[in-house]
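Spelled out from the first residue to the last, the chains are:
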Amino acid sequence: MNEANARTADAIDRALLQRMAAGDHAALAALYRSYHGRLCRFLSRLTRRPDIIEEVVNDCFWIAWQHAGDFRGDARVSTWLMGITYRCGLKALRRQGVELADDLTDDAFPPGLGEGTDPGEDRELRDLLGKALALLSADQRVVVELVYGVGHSLNEVAAILQCPVGTVKARLFHARMKLLNVVPALSGETREQGS
Amino acid sequence: MGFTPNSNQDCMLAWEAMPDALQGALTPRQSEWLDGHLARCDACRAQFAQQQRLQRAMSLPVDLPIDAEAGLKRLLSRIDNPDLAKAPEPSRPVGWAGRALVAAIVLQAIGLGAMGAKLWSLESAPAYRTLSREAAPAPAGSIRLVPDPAMELADWNALLDASGLRVVEGPNKVGGYLVVPTTEAVRREALLQRLRSTRGILLAEPVAGTP
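Just so you know, these numbers come straight off a predicted model, no measurement behind them.

Visitor: Please clarify how the environment of Pro171 of chain B should be interpreted in this entry.
Guide: Residues and elements named next belong to chain B. Mapping Pro171 onto the fold places it in the loop between β2 (165-169) and β3 (177-181). Residues Pro171 and Pro147 lie 24 residues apart in sequence; the distance between their C-alpha atoms is 10.0 Å. Discounting chain neighbours no more than four positions away, the residues touching Pro171 are Gly176 and Tyr177.

Okay, structure coming up:
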């Protein structure tokens with residue numbers, strides 16, 4: 001998403017938040033539908049349990065509903081919601097006694113998960129991504145998701161994770177190095193060589 | 001693939017610029033510089049291709065079965081009924097401090113219940129009785145209830161109404177009441193359990209000898 005599109009999307013989100021602050025359920029539903037996919041995918045980098053993911057998404061919107069009027073507008077709505085989701089996610093995992101999924105193996109992202117919905121190339125891409133993500137720590141996966149999946153800047157990621165931007169840069173650097181050296185197929189080399 | 005981000009200064013700059021480039025966040029000048037570098041550097045071009053593929057892979061929809069509409073319905077229901085819809089938090093291990101606190105609360109509750117029962121018995125069983133008058137037996141199904149003094153009258157009335165109870169005696173010195181079910185259909189044990197778990201009810205005990 002380029003800067004202009006991001007600004008437009010944020011203006012829409014802010015308008016929805018204002019309506020939510022006034023108790024508008026329809027605005028809440030609109031924001032919920034708009035973010036559900038992104039939040040679920042983000043949380044799926046922390047845990048593979050759909051029940052926890054669903055609980056965290058609803059906790060996030062429960063908080064957003066109660067504090068919509070407190071949103072100061074210093075950051076994008078997306079950054080604010082992602083921050084709430086991240087903290088709710090960590091809290092839910094602690095409550096469930098689930099550790100951050102640092103040790104996800106290939107089994108966590110079994111091949112063919114998207115079968116039936118993904119076109120062939122996407123299915124292959126998803127399988128490769130599963131292998132790649134299994135190599136990263138949970139912290140690295142979260143940063144990669146926020147930068148590449150959601151499209152946040154490094155400063156925004158630092159605000160979401162409440163850590164210095166240098167930490168975000170370091171996590172991204174190490175994640176990219178692992179992906180580069182261990183999963184070259186993600187660059188398309190295997191496909192090109194094989195074809 | 002021979003790329004490492006230490007290859008040279010230009011490759012380092014290109015490496016750092018790639019995430020912003022994917023998001024369309026580079027200035028036209030930065031973008032032009034990166035395009036020029038990628039045209040000359042095979043390693044960076046391969047790395048950028050990987051970044052694009054990674055971005056596409058990361059943008060695929062979540063591969064877990066999570067229904068947005070069902071989740072939204074639950075959220076709206078939770079908002080409409082915040083007390084009822086709040087999911088109970090699963091139990092978690094507590095430390096020694098937590099266990100000590102729970103033990104103290106249980107002891108306090110037992111003590112309070114015993115004290116209330118004793119005071120009640122003092123109140124409901126007078127020290128003497130005239131020989132010409134028999135002690136009036138408690139009505140069938142009677143229950144002793146001691147509400148918290150801080151309980152609102154409206155809450156008390158709502159509880160009686162919802163539980164199908166009416167007051168037949170009280171309050172006594174400890175603020176206790178004798179209540180009886182308004183219908184016979186009420187299951188006594190379930191009713192007692194519900195009353196005991198109601199916030200603001202300090203004591204709920206059946207009167208001995210009544211069915």
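Visitor: Would you mind showing me how to read the packing of helix α1 (residues 9-22) of chain B against helix α2 (residues 28-40) of chain B here?
Guide: Helix-helix packing is described using two parameters, namely the angle between the two axes and the distance between the axes. Residue and element names in this part refer to chain B. One can describe the packing of α1 onto α2 by two numbers: an axis separation of 10 Å at closest approach and a directional angle of 120 degrees. Judged on the interaxial angle alone, α2 and α1 are oblique. Considering only the axes of α1 and α2, their crossing is left-handed. Facing α1, whose interface residues are Asp10, Cys11, Leu13, Ala14, Met18 and Ala21, α2 presents Trp33, Leu34, His37 and Leu38. Residue composition of the contact of α1 with α2, by class: 8 nonpolar, 1 polar and 1 charged.

Visitor: I tried to follow the interface of chain B and chain A on my own but got confused; where do I start?
Guide: The extent of an interface is frequently quoted as the accessible surface area lost upon association of the parts. Between chain B and chain A, the residue contacts involve 43 residues of the former and 54 residues of the latter. Note on chain B versus chain A: buried area summed over both sides is about 4,700 Å², and carbon and sulfur give 62% of it. A per-residue breakdown of the area chain B buries against chain A is headed by Gln23, Arg53 and Met58 of chain B, which together make up 17% of the total. For the pair chain B and chain A, the number of links is 3 salt bridges. Seen at the junction of chain B and chain A, the total is 14 residue pairs in polar contact (both at pLDDT 80 or more). Counting residues per element, the ones that place at least two in the side of chain B that touches chain A are α1, α3 (42-58) and α4 (68-80) of chain B. For the side of chain B that touches chain A, the element with the highest residue contribution is α3 of chain B, accounting for 11 residues. Of the residues contributing to the side of chain B that touches chain A, the split by class is 25 nonpolar, 8 polar and 10 charged.

Visitor: Mind showing me how you'd approach the environment of Leu159 of chain B here?
Guide: Residues and elements named next belong to chain B. Checked against the element boundaries, Leu159 lands in helix α7 (residues 153-163). Using a relative accessible area of 11% as the deciding quantity, one classes Leu159 as buried. When the C-alpha positions of Leu159 and Thr198 are compared, they lie 8.6 Å apart, and in sequence the two are 39 residues distant. Dropping the residues within four chain positions of it, Leu159 is found in contact with Met151, Leu195, Thr198 and Ile201.

Visitor: So what exactly am I meant to see when it comes to the sheet that holds β3 of chain B here?
Guide: For sheets, the rule is that strands pair by backbone hydrogen bonds, running either parallel or antiparallel. All names here are of chain B. The sheet built from 4 strands is open, its strands ordered β2-β3-β1-β4 with antiparallel pairing. Edge positions in the sheet fall to β2 and β4 (201-206), since each has one partner strand and no second. The sheet shows a mean angle of 35 degrees between the axes of neighbouring strands, direction not considered. Of the pairings in the sheet, the one linking strand β1 (residues 143-147) to β3 comprises 3 bridges and is antiparallel in character. Across the sheet, Arg144 pairs through a bridge with Leu178, a residue of β3. Running over the sheet, α7 touches β1, β2, β3 and β4 and is turned about 115 degrees from β2.

Visitor: Help me understand the packing of aromatic side chains in this model?
Guide: In the structure shown here, the tally under the stated rule is 5 aromatic pairs over all chains. Arg176 of chain A extends its terminal NZ or CZ atom over the ring of Trp15 of chain B, reaching a point 3.8 Å from the ring centre.

Visitor: I keep staring at the pattern of salt bridges and nothing clicks. Help me out?
Guide: Two side chains carrying opposite charge are able to pair once their charged atoms lie near each other. Applying the stated rule across the entire model yields 13 salt bridges over all chains. Between Asp42 of chain B and Arg45 of chain B there is a salt bridge; the shortest N-O distance is 2.4 Å. One end of the pair, Asp42 of chain B, and the other, Arg45 of chain B, are both in helix α3, 3 residues apart, so they sit about a helical turn from each other. A relative accessible area of 53% places Asp42 of chain B in the exposed class. Take Arg45 of chain B: its relative accessible area is 37%, and that puts it in the partly exposed class. Where Arg196 of chain B meets Glu205 of chain B, a salt bridge forms, and the shortest distance between an N and an O atom there is 3.6 Å. Here Glu205 of chain B falls in the partly exposed class, since its relative accessible area comes to 34%. A single network of salt bridges, built from pairs that share partners, joins Arg41, Arg45 and Glu145 of chain A.

Visitor: Where do I start with the confidence of the model for chain A in this structure?
Guide: Where the model shows low pLDDT, its predicted coordinates should not be examined in detail. When pLDDT is averaged across chain A, the result is 80; 78% of the residues are at 70 or more. Here residues 103-117 of chain A is modelled with pLDDT under 50, and outside its nearest four sequence neighbours on either side it reaches 21 contacts, counting other chains as well.

Visitor: What should I look at first to understand the nonpolar core in this one?
Guide: A general feature of soluble globular proteins is that nonpolar side chains tend to end up buried together. Met20, Phe61, Leu146 and Leu161 of chain A are the most contacted members of the largest nonpolar core, which has 73 residues in total. Ranked by residue count, the leading element in this core is helix α2 (residues 25-44) of chain A, at 10 residues. Leaving out residues up to four positions away in the same chain, Leu146 of chain A has contacts with Phe42, Met82, Gly151, His152, Val157, Ile160 and Leu161 of chain A. Counting residues in hydrophobic clusters, the runner-up holds 14 residues, among them Ile143, Leu145, Met151 and Leu195 of chain B.

What counts and what doesn't
Residues numbered from 1 in each chain as written. Chains lettered and ligands numbered in written order. Predicted model: local features only at pLDDT ≥ 70, side-chain atom pairs only at ≥ 80, totals over all residues. Heavy atoms only, no water. Helix = DSSP H or I, 4+ residues; strand = E, 2+ residues; numbered from the N terminus. Contact = heavy atoms within 4.5 Å. Axes fitted to C-alpha atoms, helices over the stretch in contact; angles between N-to-C directions. Parallel < 35°, antiparallel > 145°, perpendicular 65-115°, else oblique. Left-handed = near helix turned anticlockwise from the far one by under 90°. Nonpolar A, V, L, I, M, F, W, Y, C, P; charged D, E, K, R; others polar. Buried area = accessible area lost by both parts, 1.4 Å probe. Salt bridge = Lys/Arg side-chain N within 4 Å of Asp/Glu carboxyl O. Polar contact = N/O pair within 3.5 Å; in protein donor to acceptor, adjacent residues only side chain to side chain. Buried < 20%, exposed > 50% of the residue type's maximum accessible area, 1.4 Å probe, protein only. Pairing = 2+ DSSP bridges. Phe/Tyr/Trp six-rings, centres within 6.5 Å; stacked < 30°, edge-to-face > 60°. Lys NZ or Arg CZ within 6 Å of the ring centre and 35° of its normal. pLDDT = per-residue confidence, 0-100. Core = buried A, V, L, I, M, F, W, Y, C linked by side-chain atoms within 4.5 Å.

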